[in-house]
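If you want the building blocks of each chain, they are given just below.
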Amino acid sequence: MKDFHCCATCQHFKVEKTTGGAKYFCSRLGYETKTHYKFNCWSPKENVAKLMNKGISKNNNGSGMFNNSDDEKNA
């Protein structure tokens with residue numbers, strides 16, 4: 001999960017384009033954020049959840065990219 005968990009991969013992450021540049025905010029929390037921030041209320045986008053599940057199932061076969069002990073520390 002550590003490779004995926006950040007605001008930019010959350011279903012509540014929104015981008016608002018302005019003349020001064022892009023603003024990033026959380027529609028759930030209602031305030032500005034940054035792409036790399038992490039909050040406990042994170043809900044992954046559907047495509048991210050699929051990638052996570054794919055990686056977890058590969059890890060159970062010994063060839064995945066996740067380390068379960070790291071995931072448990074960050075949960």
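Residues numbered from 1 in each chain as written. Predicted model: local features only at pLDDT ≥ 70, side-chain atom pairs only at ≥ 80, totals over all residues. Heavy atoms only, no water.

(A) Representation of the side chain of Thr-9 in the model. When you line up the elements, Thr-9 lands in the segment before strand E1 (13-18). With a relative accessible area of 16%, Thr-9 lands in the buried category. Within the structure, Thr-9 has its side chain in polar contact with the backbone oxygen of Phe-4 (distance 2.6 Å). (Helix = DSSP H or I, 4+ residues; strand = E, 2+ residues; numbered from the N terminus. Buried < 20%, exposed > 50% of the residue type's maximum accessible area, 1.4 Å probe, protein only. Polar contact = N/O pair within 3.5 Å; in protein donor to acceptor, adjacent residues only side chain to side chain.)

(B) Expanded view of the pairing of strand E2 (residues 21-26). With 6 bridges joining them, E1 and E2 adopt antiparallel strand pairing. Opposite Thr-18, over in E2, you have Gly-21 as the bridge partner. A loop of 2 residues connects E1 with E2, the two strands running antiparallel in sequence. Where E2 and strand E3 (residues 31-32) come together, 2 bridges link them in antiparallel fashion. Bridging from a neighbouring strand, Cys-26 pairs with Tyr-31 of E3. From the end of E2 to the start of E3, which pair antiparallel, there are 4 residues, and Gly-30 there has a positive phi angle of about 80 degrees. (Pairing = 2+ DSSP bridges.)

(C) Just the confidence of the model for the protein chain, in detail. Residues at a pLDDT of 70 or more form 71% of the protein chain, whose mean pLDDT is 78. Of all helices and strands in the protein chain, the one with the weakest mean pLDDT is helix H2 (residues 68-74) (42), whereas E2 scores best (95). For the stretch residues 62-75, pLDDT sits under 50, and the model shows 21 contacts to residues farther than four places along the chain or on other chains. (pLDDT = per-residue confidence, 0-100. Contact = heavy atoms within 4.5 Å.)

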